[in-house]
Amino acid sequence: MRKRTVELLACPRCRRALTLEAGSQGGERVVRGTLACDCGKRFPIVDAIPRLVARDDGGTTAFEELQDRTRRSFGYQWTTFGDMVERFREDFLVYTGMPPEFFLGKVGLDAGCGFGRHLFYAASMGAEMVGMDFSAAATQAFRNVQGLANVDVVQGDIFRPPFRETAFDFVYSIGVLHHLPDPEQGFRSLLPLVKPGGAVLVWVYSKSRRWTNTLLEAARSCTSRLPFGALKALSFLGAAVDWTCFIGPYKAAVRCGPLRAFAERFMFPRIKLYARYPFQVAYADWFDRLSAPVRYYYDEADLRGWAQRAGLRQVRISPTGHYGFRLYGEV
């Protein structure tokens, strides 16, 4: 953690400023140490990542239990499937709907950064970035961005974000809120972190594929409770079937002049999408859809309700194909 990042942090319990106590350094970063609050709470810095989760593992309420299941699922997922792919840069711009120059010179938060794929590109486009994740994926995110001098990673909870109010010029949360026990509450918890006039950007799953979503949820009622090892094997099988029966033949067809038009017209949009990526991405996404304890789906009216209830201005909501909706609003 860079020392100047301490100025952005706050105790997730009482919202007071944190003080960096003596710790060991590696270059410009504090590798180990402690962050202390006047309320008596102390938080460790481990492997250059402040661990700012305000409660212990093993929740006692249904809400906390669902949070813990989600944390374990994505912690396993993003430490298992943590490789970067160049095409993630284009995906990031699609999910946010913003041009690269939007990020230049601003201070931003990636709320739910996973293994750091979006965090890496936001920082590469010139933003001073902090990535936050609730799970063990924070460690993988740090590995993926540690070559960049303008980024830090924090382990923290969206419902109790460990940052001072108005710390950021923008906050985005891509593919995260729809996995929370209360997505709108998670969304609302991020807004105080944004400076007046700053932006919040969100991407969530779309309701548009109602039958597909219904069938998937029926399957996930069983698969989301399987051991991770079994889920990994099942996900590999799903990805292998996709590649053997659909993606491979589609890629071969589009390279063949006489078959190209036929393949482009009749192949499923999902297959055409995954043909742009390596096998690992399809494998990881199968694990994601089968393992995540909860998934919610939204349309434009839902997100407009979020924005109106939050008092956002300059709101823009648009679909990203069949799979998601993005929201832009100013605080």
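Residues numbered from 1 in each chain as written. Predicted model: local features only at pLDDT ≥ 70, side-chain atom pairs only at ≥ 80, totals over all residues. Heavy atoms only, no water.

Draft legend 1. Just the overall build of the protein chain, in detail. The helix and strand tally for the protein chain stands at eleven helices and twelve strands. Reported as C-alpha extents along the three principal axes, the dimensions of the protein chain are approximately 70 × 45 × 40 Å. Within the protein chain, buried positions represent 53% of all 331 residues. Once local pairs closer than 6 in sequence are excluded, the contacts in the protein chain between residues at least 24 apart make up 66%. (Helix = DSSP H or I, 4+ residues; strand = E, 2+ residues; numbered from the N terminus. Buried < 20%, exposed > 50% of the residue type's maximum accessible area, 1.4 Å probe, protein only. Contact = heavy atoms within 4.5 Å.)

Draft legend 2. Highlighting the packing of aromatic side chains. Under the criterion given, the structure shown has 27 aromatic pairs. With centroids separated by 5.8 Å and ring planes inclined at 50°, the aromatic side chains of Phe 81 and Phe 287 adopt a geometry described as tilted. Residue Phe 81 is located in the loop between helix H1 (62–80) and helix H2 (88–96), and its partner Phe 287 is located in helix H10 (residues 279–291); the two are separated by 206 residues in the primary sequence. Across the pair, exposure class does not vary: Phe 81 and Phe 287 are buried alike. With a centroid separation of 5.1 Å and an interplanar angle of 40°, the aromatic rings of Phe 92 and Phe 103 are classed as tilted. Taken together, the residues span a long stretch of sequence, with Phe 92 in helix H2 and Phe 103 in the loop between H2 and strand S6 (107–111) at a distance of eleven residues. Considered together, Phe 92 and Phe 103 belong to a single accessibility category, that of buried residues. Among the aromatic residues, those joined into a ring-pair cluster are Tyr 76, Phe 81, Phe 228, Phe 236, Trp 243, Phe 279, Tyr 283 and Phe 287. Across the ring face of Phe 102, the terminal group of Lys 106 is positioned such that the distance to the ring centre comes to 3.7 Å. The side chain of Arg 117 reaches across the aromatic face of Phe 88, ending 5.1 Å from its centre. (Phe/Tyr/Trp six-rings, centres within 6.5 Å; stacked < 30°, edge-to-face > 60°. Lys NZ or Arg CZ within 6 Å of the ring centre and 35° of its normal.)

Draft legend 3. The arrangement of the nonpolar core in detail. With 60 residues, the main nonpolar core has Phe 92, Phe 103, Leu 119, Met 129, Phe 170, Tyr 172 and Leu 201 as its most contacted residues. Setting aside its immediate chain neighbours within four residues, Leu 119 contacts Asp 110, Cys 113, Met 129, Val 130, Gly 131, Val 145, Val 151, Asp 152, Val 153 and Tyr 172. The next biggest cluster of nonpolar side chains, apart from the first, holds 42 residues, and it includes Leu 109, Val 176, Val 194 and Tyr 298. (Core = buried A, V, L, I, M, F, W, Y, C linked by side-chain atoms within 4.5 Å.)

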